[in-house]
Amino acid sequence: MGMVFGKIAVETPKHTVVKSGDGYEIREYPPAVAAEVTYDPSEFKGDKDGGFMVLAKYIGAFGKPENQKPEKIAMTAPVITKEGEKIAMTAPVVTKEGGGEKKTVTMQFLLPEMYKKAEDAPRPTDERVVIKEEGGRKYGVVTFGGNAAESVVSEKVNKLRSDLERDGFKITGDYVLARYNPPWTIPPFKTNEVMIPVE
């Protein structure tokens, strides 16, 4: 019942707040191990969140874990997504896409803190799942509630980017979207973050 009202009852990444105020925070995150999948949303009928089930099966969220041990891995929050590079279309084209280019999406689960190195995590049986080590990271972060609709995310990204540049931070990459709650959480109780890497 608590998850419906936004209670986050799973492990979340530790971080240090370096600066707070002006509508955003600067956070430093220690190294972590992540499971990720990169895909074209058309593989999942256009669903940008289609990779969720691939990762959920790897950790065993819906039954037997799809990893070589098999070892059930605790769910953590947030689920991180980022839009990837545009990939030029090649022939033959089996499905019709507008614009001649496709965008990939990368979805990532940070694994529980007990996994210190990539080799500590169980190896996936689905070759689409990649286990990787994320080094220490520094982000400008804005937190917001509701559904993370593209228009809302775009507005948050643009404002955060502008605020960071105004305050003299050097942006070092594209934003990522962090969502902390399951889809059935009542929208006003959802916690989302836009995170932009900075020096």
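Source: prediction; values computed, not measured.

**Student:** Could you give an account of the overall build of the chain, with specific residues and numbers?
**Tutor:** Each helix and strand counted, the chain has 2 helices and 9 strands in total. The linear arrangement of helices and strands in the chain, starting from the amino end, is β-β-β-α-β-β-β-β-α-β-β. For the chain, buried positions account for 39% of its 199 residues. By element, 54% of the accessible surface of the chain is carried by carbon and sulfur atoms, the whole surface being about 11,300 Å².

**Student:** How would you summarise the packing of aromatic side chains if you had to cite specific residues and measurements?
**Tutor:** Scanning all chains against the criterion turns up 4 aromatic pairs. Ring plane angle 85° and centroid distance 6.5 Å describe the contact between Tyr 24 and Phe 169, whose orientation is recorded as edge-to-face. Here the residue Tyr 24 occupies a position in strand β2 (residues 24–29), and Phe 169 occupies one in the loop between α2 (150–166) and β8 (176–179), the gap between them amounting to 145 residues. Accessibility classification places Tyr 24 together with Phe 169 in one group, the buried group. For the ring pair Tyr 29 and Tyr 139, a centre distance of 5.9 Å and an interplane angle of 75° mean the geometry is edge-to-face. Taken together, the residues Tyr 29 in strand β2 and Tyr 139 in strand β7 (residues 137–144) connect sequence positions 110 residues apart. Across the pair, exposure class does not vary: Tyr 29 and Tyr 139 are buried alike.

**Student:** Just give me the short version of the pairing of β2, but keep the residues and values in it.
**Tutor:** Note that strand β1 (residues 16–21) and β2 share 5 bridges and pair antiparallel. What sits directly across from Ser 20, in β2, is Glu 25. A loop of 2 residues connects β1 with β2, the two strands running antiparallel in sequence, and Asp 22 in this loop sits at a positive phi of about 55°. Bridging between β2 and β7 involves 5 bridges; their strand directions are antiparallel. The partner of Ile 26 across the bridge, within β7, is Gly 140.

**Student:** Let's hear about the pattern of salt bridges: which residues, and what values?
**Tutor:** As enumerated under the stated definition, the model contains 17 salt bridges in all. Linking Arg 27 and Glu 193 is a salt bridge whose minimum nitrogen-to-oxygen distance equals 2.8 Å. With Arg 27 in strand β2 and Glu 193 in strand β9 (residues 192–197), this residue pair connects regions lying 166 residues apart in the sequence. According to the relative accessible area criterion, Arg 27 is buried, its value standing at 5%. Look at Glu 193 and you get buried, because its relative accessible area is 4%.

**Student:** Residues and numbers for unusual backbone geometry, please.
**Tutor:** With an omega dihedral of -25°, the bond running from Lys 69 to Pro 70 counts as a cis peptide bond. Mapping Pro 70 onto the fold places it in the loop between α1 (51–59) and β4 (79–88). At the junction of Ala 77 and Pro 78, the peptide bond is cis and its omega measures out at 5° in the coordinates. When you line up the elements, Pro 78 lands in the loop between α1 and β4. Notably, Lys 45 is not glycine yet its phi reads approximately 55°, a positive angle.

**Student:** Quick one: what's the story with α2, residue by residue and with numbers?
**Tutor:** The end-to-end C-alpha distance of α2 is 24 Å, a good match for the 24 Å that 17 residues give at a rise of 1.5 Å each. Where α2 is concerned, the buried positions are Val 153, Val 157, Leu 160, Asp 163 and Leu 164. Buried positions in α2, seen along its axis, are confined to an arc of 140° and lie on one side of it. Within α2, the exposed residues directed more than 90 degrees away from the buried face are Ser 151, Glu 155, Lys 159 and Arg 166. Packing partners of the buried residues in α2 comprise β2, β7, β8 and β9. Following α2 by one or two positions, Gly 168 adopts a phi angle in the positive range, close to 85°.

**Student:** Hey, could you go over the nonpolar core for me, with residue numbers and the actual values?
**Tutor:** In terms of nonpolar packing, the biggest core is built from 19 residues, with Ala 35, Leu 55, Tyr 58, Leu 111, Val 129 and Ile 131 touching the most fellow members. Residue assignment for this core shows that the elements contributing at least two residues are β3 (32–39), α1 and β5 (101–110). Setting aside chain neighbours within four positions, we find Ala 35 in contact with Leu 55, Tyr 58, Met 107, Gln 108, Phe 109, Leu 111, Val 129, Val 130 and Ile 131. Within the second largest apolar cluster, 13 residues are counted, among which are Ile 26, Leu 160, Val 194 and Ile 196.

Cut-offs used in this document
- Residues numbered from 1 in each chain as written.
- Predicted model: local features only at pLDDT ≥ 70, side-chain atom pairs only at ≥ 80, totals over all residues.
- Heavy atoms only, no water.
- Helix = DSSP H or I, 4+ residues; strand = E, 2+ residues; numbered from the N terminus.
- Buried < 20%, exposed > 50% of the residue type's maximum accessible area, 1.4 Å probe, protein only.
- Areas by Shrake-Rupley, 256 points an atom, 1.4 Å probe, with all protein chains shown as cover.
- Phe/Tyr/Trp six-rings, centres within 6.5 Å; stacked < 30°, edge-to-face > 60°.
- Pairing = 2+ DSSP bridges.
- Salt bridge = Lys/Arg side-chain N within 4 Å of Asp/Glu carboxyl O.
- Expected span 1.5 Å × (residues − 1).
- Arc of directions from axis to C-beta.
- Contact = heavy atoms within 4.5 Å.
- Core = buried A, V, L, I, M, F, W, Y, C linked by side-chain atoms within 4.5 Å.

None of this, on its own, says anything about what the molecule does.
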